[in-house]
Amino acid sequence: ESQLNMVRVMEYLRYLQDPHLVARFQLICGIRGTLSEPVPADISTSDSCSMGVQRRIADVTDPRKLKHDMEDAPPNGAALSPGGESVAVRGSTLKPLRRNSLTGEAGQEFVIENRFLFYLFTFGTELGNELFYIIFFPFIMWNVDAFVSRRLIMVWVWVMYVGQCTKDVIGWPRPASPPVVKVEMFYNSEYSMPSTHAMSGTAIPFSLFFMTHGRWEYPYTLGFSLALCWCLLVCSSRIYMGMHSVLDVIAGILYSILILFFFLPALDMIDSFNLSSRYAPLVIVSIPLALALFSFTLDTWSTSRGDTAQILGVGAGVALASHVNQLLGLMPDLTADQLPLMVPTVSGGLVCSAILRLVLGVIVLVAIRALMKAITIPLVCWLFRVPSSDLRKARQHVEVELPYRYIVYGTMGFSVLFLVPLLFAYVENA
């Protein structure tokens with residue numbers, strides 16, 4: 001009986017990983033490939049414990065089999081009819097907004113039948129991309145609560161690092177196309193399990209809620225509802241984009257909850273160490289660097305390795321800036337008698353001030369990023385004798401990609417919490 005239950009569980013996991021389930025969700029939301037494969041009307045989980053079921057279970061638990069199936073699949077929903085002829089879907093077509101970050105592939109056209117859902121889920125998936133982080137974390141840092149922002153970045157760094165490393169260890173490919181339509185191509189060369197968008201889409205809103213409730217005065221129901229909507233939007237957007245199976249997303253949510261269960265109680269101790277320990281600068285710089293080196297040994301070159309070094313660099317930069325601020329007496333944390341904080345009345349002046357600070361700060365960050373990239377990449381290539389004529393190939397060398405990402409984004413993290421607030425103080429006092 002226990003073996004039967006195990007078979008049923010594994011069959012259900014296969015059902016959740018079935019790309020046809022993703023394709024059905026896309027079809028319901030109005031996404032079709034320009035060349036479409038019929039999607040089964042029903043994906044049943046009631047198969048008996050036959051040899052066929054056991055064979056399918058073996059396939060879903062064998063990463064090599066899954067990878068082989070994906071590599072053999074035609075591109076982006078393309079399929080042939082039983083007679084061998086193309087099956088066309090009429091309608092206006094679009095291509096993925098961004099090319100594959102590794103191969104440069106633009107992707108295949110697809111048909112949008114519901115533009116509202118397309119824009120909604122495009123927004124949702126952007127809540128887990130680099131541009132959002134560049135805007136969101138600094139906005140909270142400069143306009144809302146630096147204490148919450150720096151701790152939120154600590155959570156984000158750890159969740160994303162564990163998630164990226166787990167992806168490379170498991171090594172499952174993205175959902176096969178066909179039947180899935182690839183609405184997004186940027187991350188298509190990375191592995192799939194678990195969904196790090198789902199992990200960050202769970203960790204960030206709920207950590208923000210837990211950190212601010214009691215520190216800021218607002219209704220509990222409102223805060224929890226906003227966090228839940230944020231999480232559901234990000235997670236469902238990854239299925240809509242064809243980047244993850246339902247199983248990837250569920251695993252990402254549960255994995256994130258598990259990490260938060262252990263990490264949130266330790267935040268006070270970690271933050272206190274970063275602020276006041278004499279050994280903090282050494283630990284802050286060396287441990288993330290060691291973790292980045294470890295992640296670079298997990299698999300052949302992929303964009304996820306560089307993203308991992310980038311995330312760790314940001315975390316190290318912010319932690320180091322918090323230590324420097326503490327030493328210099330800058331941006332002191334609020335005392336208990338100053339809490340809870342009241343949500344200010346929204347006014348034109350407040351909105352304009354927040355937008356100006358954000359725009360000025362982001363311009364500074366973008367300039368620092370461009371400057372550091374222009375300096376770091378050629379310098380690292382020169383130091384390690386790597387040809388710099390083709391930057392895409394040069395960055396596939398660990399001795400280039402790791403220091404480049406770590407130094408550039410570490411500098412940006414340091415600037416977010418130290419240099420830019422210092423600039424704001426100078427401008428406001430001028």
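Residues numbered from 1 in each chain as written. Predicted model: local features only at pLDDT ≥ 70, side-chain atom pairs only at ≥ 80, totals over all residues. Heavy atoms only, no water.

- The name given to the protein in an unreviewed UniProt entry is Sphingosine-1-phosphate phosphatase 1, with the source organism recorded as Poecilia formosa.

Things to note about unusual backbone geometry
- For the peptide bond that leads from Met193 to Pro194, omega is -5°, which places it in the cis range.
- Topologically, Pro194 is positioned in the loop between helix H7 (146-170) and helix H8 (196-212).
- In the segment running from Leu339 into Pro340, the intervening peptide bond is cis, with an omega of 0°.
- On the secondary structure map, Pro340 appears in the loop between helix H13 (303-328) and strand E5 (341-342).
- Positive phi outside glycine occurs at Met331, with the angle close to 50°.
- Here Met331 shows up in the loop between H13 and E5.
- A relative accessible area of 32% means that Met331 is categorised as partly exposed. (Helix = DSSP H or I, 4+ residues; strand = E, 2+ residues; numbered from the N terminus. Buried < 20%, exposed > 50% of the residue type's maximum accessible area, 1.4 Å probe, protein only.)

Thoughts on helix H10 (residues 246-263)
- With 18 residues, H10 extends 26 Å from end C-alpha to end C-alpha; this agrees with the ideal 26 Å at 1.5 Å per step.
- Along its buried surface, H10 packs onto helix H1 (2-17), helix H2 (19-28), H7, H8, helix H9 (220-240) and helix H11 (267-276). (Expected span 1.5 Å × (residues − 1). Contact = heavy atoms within 4.5 Å.)

Topic: the packing of H7 against helix H12 (residues 280-295)
- Running from N to C, H7 and H12 cross one another at 20°; their axes reach a closest spacing of 10 Å. The orientation of H7 with respect to H12, classified from their angle, is roughly parallel. Of the two elements, H7 crosses H12, and the hand of that crossing is left-handed. Here Trp158, Tyr161 and Cys165 of H7 come into contact with H12, specifically with Leu291, Phe294 and Ser295. (Axes fitted to C-alpha atoms, helices over the stretch in contact; angles between N-to-C directions. Parallel < 35°, antiparallel > 145°, perpendicular 65-115°, else oblique. Left-handed = near helix turned anticlockwise from the far one by under 90°.)

Concerning the packing of aromatic side chains
- Going through the model one piece at a time under the given rule, you end up with 22 aromatic pairs.
- A ring pair is formed by Phe209 and Phe210, whose centres lie 5.5 Å apart and whose planes are at 50°; its orientation type is tilted.
- Classification of Phe210 by relative accessible area gives partly exposed; the value is 48%.
- Ring pairing ties together the aromatic residues Phe132, Tyr133, Phe136, Phe137, Trp156 and Trp230, which thus form one cluster. (Phe/Tyr/Trp six-rings, centres within 6.5 Å; stacked < 30°, edge-to-face > 60°.)

Describing the environment of Phe116
- Turning to its location among the elements, Phe116 is positioned in helix H5 (residues 115-126).
- Residue class for Phe116 comes out exposed when judged on its relative accessible area of 60%.
- Measuring from C-alpha to C-alpha, the distance between Phe116 and Gly30 comes to 9.9 Å, with 86 residues separating the pair along the chain.

As for the confidence of the model for the protein
- On average, the protein scores 79 in pLDDT, and the residues at 70 or more come to 80%.
- Below pLDDT 50 for its whole length, residues 41-90 participates in 89 contacts with residues either more than four positions away or in separate chains. (pLDDT = per-residue confidence, 0-100.)

A word on the nonpolar core
- With 81 residues, the main nonpolar core has Phe136, Trp142 and Trp156 as its most contacted residues.
- No other element matches the 14 residues that H7 contributes to this core.
- When residues no more than four places from it in sequence are discounted, the contact partners of Trp142 are Arg357, Leu358, Gly361, Val362, Leu365, Val416, Val420, Pro421 and Phe424.
- With 16 residues, the next largest nonpolar core counts Trp172, Val180, Cys235 and Val249 among its residues. (Core = buried A, V, L, I, M, F, W, Y, C linked by side-chain atoms within 4.5 Å.)

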